[in-house]
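Fold and contact review
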Amino acid sequence: MLEAINLSKTYNTAIALHSLNLYIPAGEIFCLLGANGAGKTTTINLFMGFTEPTIGEVLVGGINVAQKPHEIKKLIAYIPENVMLYPTLTGLENLAYLSGLSGTAYSDAELVVFLQRAGLQKEAMKRRVGEYSKGMRQKVGIAIALAKHAKALFLDEPTSGLDPLASNEFSRLIRGLADTEGVAVLMATHDLFRAKEVGDRIGIMNAGHLASVVKAGDVSPSRLEELYMETILQKHAQREAA
Amino acid sequence: MITHVFFIAKKEIADLLRDKRLRWSALTLYVLFAVALFSGWQYFTQTKPRHADAQAASYQQWLAQGSKNPHSAAHYGFYAYKPVPLLAVVDKGMDDYLGNAVWMEAHKQNNVSNRTAQDVADVSRFGNITVGFVLQFLLPIVIILLTFNAVSKERESGTLRILLSTQTSGVQILVGKGAAAFAAVFGVIVLPMLLVSAGVMMLAVGGQDFVASLPAFGVWVLFVLVSVVLWIALGLVVSASVRESGAALVVLLGVWTLGAFFVPRLSGSLARTLHPTPSAFAFNEQIIFEKANGVDGHNSADERSKALEARVLKQYGVDSLSQLPVSFAGIALQEGEESDYLVFDKNYGNLFQIFQRQESVMEALNLLSPVLAAQSISRALAGTDTDKHLHFTNNAEQFRRVIMKTMNDDMRDNGAKDKTKRDFGYMASDELWHKIPPYTYSQPGVGFVLGNQVLNIASLLAWTVGTLGLLVWRGRLLKP
């Protein structure tokens, strides 16, 4: 569903992403771990067509993103660390607006169903989003993905700043989307525990390189942490030596 | 495409209508508009009848001058007043500075006098507020305030990222926002102002005269709308091109300031430097010299008089002026007038050419300023610009020449009938004065105006089309 082929991105002389080769099939959640500036957000931006690759190709559902950036918008949804919605509109109005712009106009009753599936309380739906907590805005973000019937979902630090309960609920919803709707998920996160819990595979990025990829089921939380530290320290040492 | 644009426009209109910026700026503009419209209405309703009364009184004096020599009557003359066009209600233009009355008398092509600006208080040196000024100078500021952060705010808050992850293109976002801004500005500010202006103009003159002014008013409205589209597009282009809203505001206010303050001063100074006008003293001295010595300076009035005398005596086959069956004075006066016409046509022609060259320099620099281009078009359509003034000046001069010819021909034909009262002793009756109809001036049509405004119209349209092109280009490149 999602494929990066020899994908690189350079800003002036700075290498943001180097020769990424990655395939994420439908129904899989792939978590990208890495420190700040490792290249996680750049990877998501390339998949969403927000920036053009310097070298290589990005495919979403077999469509080349650089060639048909508008086409792939039908297939994708995006939930950033802070889902920024229009604060003067209610959750329901935000969903109506953004799903409308995604090509489908739903009735209020249908929109309520999407918001309920995303876990938003019914009484909150008609309140202005300016009054929402971060977790509630994340739920509207998920409802947008549901309304779009997105085939691919990009999550950029989605659980950062959420309390454990909200994080857990969010993870459950994402897992559900992958399992029941067959959505391919690319999730960038700092949260090793969340990656291990929700992901099918985990990639560790460092300085624009996808240094290692492991199956979440094959690695214990402590081993994952060791691997993460090794990767970062190894690269750090290489840079020091150079 | 249209569905997405409609969705965005609908949401943006709701946002704009909730936005206090629109409410407060509209309220401020309404106050200024009310003052401007009242001022324009007062100017029109007071000046128009005053001019009509003064011109009628002057003409009545002409008719009632009693038995008099035609040449004395030619010196007596009467006033022609430049009619106040109806659209002066919305744009008084240059009327205060160009004068509005010309004294039509023998031997002289008088300048248009009675400039309102000469009689007003010092406070008026800052210029008058007109509806045109509100819509061409102040409305762009309101549009800037409404659009400067239309896109940059979405970028700063992160909603642009969400918006661009839907099936909406950057072009659709910008067009939708532009359509919303146009609907809000037009619906809340421009349309009410245009309707009230039209209503006030109709009340000022009645339906029939208003209908006669409708073509000019319609085109005037069209250019107001073009200007609105231009500033909305410019606001969105800048907002989509910068990272921070503050930077967008600075850039847009910079463009406005450049166009509204720097370019007019630059173009005025440059026009005067490149094409200087002679001083009034030098101009009048030159006319006096050429009238005395001929246009080429080598044919004195005495020589011309002698040559004329010889020619007339030969034509009538007589030896002395006293034997002529016609009044030689009448012939000589008309000959003198026609000789003066060459002087006037040459000197005023040169002067008007200088004005037109200055105008051309300013029009060329209007390419840098859509505000000034719009203002020039507005004044031209309102009939309160320099071109219209020169049109009136020429028209009045042609009428003066008809008066002079009628007086001189009458003196020629009748000034020798009574040998005891030849030439200047001849007295004409009221019948002669009635041969001169009251002076009437018809406003040139919209075609005349548009023909004189080609460069300004091209400038405004180039800015608008160019900015709309930039809008589409920025839309295609729009990134979060």
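Residues numbered from 1 in each chain as written. Chains lettered and ligands numbered in written order. Predicted model: local features only at pLDDT ≥ 70, side-chain atom pairs only at ≥ 80, totals over all residues. Heavy atoms only, no water.

1. Describing the overall build of chain A
Within chain A one finds 8 helices and 10 strands. For 242 residues, the compact-globule formula gives about 18 Å, and the C-alpha radius of gyration of chain A, at 18 Å, lands near that figure. Structurally, chain A occupies a C-alpha span of about 60 × 40 × 30 Å along its principal axes. Within the span of chain A, comprising 242 residues, buried residues form 55% of the whole. Accessible surface computed for chain A: about 10300 Å², of which carbon and sulfur atoms make up 52%. One finds the centroid of the 24 positive side-chain charges in chain A at a distance of 3 Å from the centroid of its 25 negative side-chain charges. (Helix = DSSP H or I, 4+ residues; strand = E, 2+ residues; numbered from the N terminus. Rg over C-alpha atoms; globule rule 2.2 N^0.38 Å. Buried < 20%, exposed > 50% of the residue type's maximum accessible area, 1.4 Å probe, protein only. Areas by Shrake-Rupley, 256 points an atom, 1.4 Å probe, with all protein chains shown as cover. Lys, Arg positive; Asp, Glu negative; His and termini not counted. Charge placed at Lys NZ, Arg CZ, Asp CG, Glu CD.)

2. A short note on the sheet that holds strand β2 (residues 101-105) of chain B
Residue and element names in this part refer to chain B. In space, the 3 strands of this open sheet follow the order β1-β2-β3, with antiparallel pairing throughout. Of all the strands in the sheet, just β1 (78-81) and β3 (108-109) have a single pairing partner and so form its edges. In the sheet, β2 pairs with β3 via 2 bridges, with the strands oriented antiparallel. Bridging across to β3, Met104 finds its partner in Gln109. (Pairing = 2+ DSSP bridges.)

3. A short note on the domain arrangement of chain A
Interfaces are often sized by the amount of accessible area the parts lose when they come together. Residue and element names in this part refer to chain A. Split by domain assignment, chain A resolves into domain 1 (2-75 + 151-241) and domain 2 (85-150). Averaged C-alpha coordinates put domain 1 and domain 2 at centres separated by 25 Å. Listed as interface residues are 17 residues of domain 1 and, on the opposing side, 13 residues of domain 2. Each partner contributes to the roughly 1100 Å² buried at the junction of domain 1 and domain 2, and carbon and sulfur atoms together form 56% of this total. Across the contact surface, domain 1 and domain 2 share 2 salt bridges. The salt bridge involving Glu181 is made with Arg117; its shortest N-O contact spans 2.8 Å. Linking domain 1 with domain 2 are 4 residue pairs in polar contact (both at pLDDT 80 or more), by the criterion used here. (Domains from an automatic or database assignment. Contact = heavy atoms within 4.5 Å. Buried area = accessible area lost by both parts, 1.4 Å probe. Salt bridge = Lys/Arg side-chain N within 4 Å of Asp/Glu carboxyl O. Polar contact = N/O pair within 3.5 Å; in protein donor to acceptor, adjacent residues only side chain to side chain.)

4. Brief notes about a nonpolar patch on the surface
On the surface, a cluster of nonpolar side chains totalling about 310 Å² of accessible area is made up of Leu258, Phe261 and Phe262 of chain B. On the secondary structure map, Phe262 of chain B appears in helix α11 (residues 245-274). (Patch = residues over 30% accessible without salt bridge, like charges linked within 9 Å, V, L, I, M, F, W, Y side chains within 5 Å.)

5. Some thoughts on the nonpolar core
Leu2, Leu153 and Phe154 of chain A together with Leu139 and Trp220 of chain B are the most contacted members of the largest nonpolar core, which totals 173 residues. The residue makeup of this core includes at least three contributed by each of domain 1 (2-75 + 151-241) and domain 2 (85-150) of chain A. For Phe154 of chain A, the contacting residues outside a window of four places in its chain are Leu2, Ile44, Phe47, Met48, Ile76, Ala77, Tyr78, Ile79 and Leu186 of chain A. Core analysis: the next-biggest nonpolar cluster, separate from the first, contains 32 residues, Trp62, Leu63, Val102 and Met404 of chain B among them. (Core = buried A, V, L, I, M, F, W, Y, C linked by side-chain atoms within 4.5 Å.)

6. Considerations on unusual backbone geometry
Residues and elements named next belong to chain A. Backbone geometry at Asn12 places phi at a positive 55°, although glycine is not the residue there. Considering the arrangement of structural elements, one finds Asn12 in the loop between β1 (2-11) and β2 (14-24). Look at Ala207: it is not a glycine, yet its phi comes out positive at around 50°. Here Ala207 lies in the loop between β9 (201-206) and β10 (209-215).

7. Digging into the pattern of salt bridges
All told, the structure shown has 27 salt bridges over all chains when counted by the stated rule. One salt bridge connects Glu157 of chain A with Lys40 of chain A, and the closest N-O pair in it is separated by 3.8 Å. Of this pair, Glu157 of chain A sits in the loop between β7 (152-156) and α6 (164-181) while Lys40 of chain A sits in helix α1 (residues 40-48), and the two are 117 residues apart along the sequence. Here Glu157 of chain A matches Lys40 of chain A in class, with each residue buried. Its salt-bridge partner being Asp345 of chain B, residue Arg401 of chain B comes within 2.7 Å of it at the nearest N-O pair. Remark: Asp345 of chain B occurs in helix α14 (residues 328-365) and Arg401 of chain B occurs in helix α16 (residues 386-414); sequence separation between them is 56 residues. Taking the relative accessible area as the measure of exposure, Arg401 of chain B reaches 12% and is therefore buried. When its relative accessible area of 42% is taken as the criterion, Asp345 of chain B is described as partly exposed.

8. Observations regarding the side chain of Ser267 of chain B
You can see Ser267 of chain B is positioned in helix α11. Excluding anything up to four places from it in sequence, Ser267 of chain B contacts Val361, Met362 and Leu365 of chain B.

9. Overview of α11 of chain B
Residue and element names in this part refer to chain B. With 30 residues, α11 extends 41 Å between its outermost C-alpha atoms, agreeing within 8% with the 44 Å of an ideal straight helix rising 1.5 Å per residue. The largest bend in α11 amounts to roughly 40° and is located at Phe262, with the proline Pro264 lying one to four residues further along. Of all the residues in α11, the buried ones are Ser245, Ala248, Leu252, Trp256, Gly259, Ala260, Val263, Ser267, Gly268 and Ala271. Turning to α11, the residues buried within the fold contact α6 (131-147), α7 (152-157), α10 (207-241), α14 and α15 (370-382). (Expected span 1.5 Å × (residues − 1). Bend = angle between axes of the 7 residues up to and from the residue.)

10. Let's talk about the sheet that holds strand β6 (residues 76-79) of chain A
For sheets, the rule is that strands pair by backbone hydrogen bonds, running either parallel or antiparallel. Residue and element names in this part refer to chain A. Within the open sheet, the 6 strands sit side by side as β6-β7-β8-β3-β9-β10. Their pairing is mixed. What marks the edges here is a single partner per strand, and that holds for β6 and β10. For this sheet, the mean inter-axis angle between neighbouring strands, taken without regard to orientation, is 20°. When β6 meets β7, the two strands line up parallel, connected through 4 bridges. Looking at the pairing, Tyr78 lines up with Phe154 of β7. (Axes fitted to C-alpha atoms, helices over the stretch in contact; angles between N-to-C directions.)

11. Comments concerning the interface of chain B and chain A
Every contact between the two is made by 22 residues of chain B and, on the other side, 26 residues of chain A. Approximately 2200 Å² of surface area, both sides summed, lies buried where chain B meets chain A, with 61% of it carried by carbon and sulfur atoms. Of all residues in chain B, the largest losses of buried area upon contact with chain A belong to Arg161, Ile162 and Gln167 of chain B, amounting jointly to 30% of the total for that side. Here Glu52 of chain A makes a salt bridge to Lys479 of chain B, at a shortest N to O gap of 3.0 Å. Put simply, chain B and chain A have 12 residue pairs in polar contact (both at pLDDT 80 or more) between them.

12. Brief notes about the side chain of Thr159 of chain B
Mapped onto the fold, Thr159 of chain B is located in helix α8 (residues 159-165). Side chain to side chain, Thr159 of chain B and Glu154 of chain B meet in a polar contact 2.7 Å long. Setting aside residues no more than four positions away along its own chain, Thr159 of chain B makes contact with Met84, Leu85 and Tyr86 of chain A together with Glu154 of chain B.

13. Re the packing of aromatic side chains
Residue and element names in this part refer to chain B. Taken as a whole and judged by the stated rule, the model has 23 aromatic pairs over all chains. Aromatic pair Phe78 and Phe399: ring centres 6.2 Å apart, planes at 75°, arrangement edge-to-face. Residue Phe78 is found in strand β1, and its partner Phe399 is found in helix α16; the two are separated by 321 residues along the sequence. For the residue pair Phe78 and Phe399, the accessibility class agrees, reading buried in each case. Lys68 extends its terminal NZ or CZ atom over the ring of Tyr76, reaching a point 3.9 Å from the ring centre. Sitting over the ring of Tyr43, Lys92 keeps its end group 4.6 Å from the ring centre. (Phe/Tyr/Trp six-rings, centres within 6.5 Å; stacked < 30°, edge-to-face > 60°. Lys NZ or Arg CZ within 6 Å of the ring centre and 35° of its normal.)

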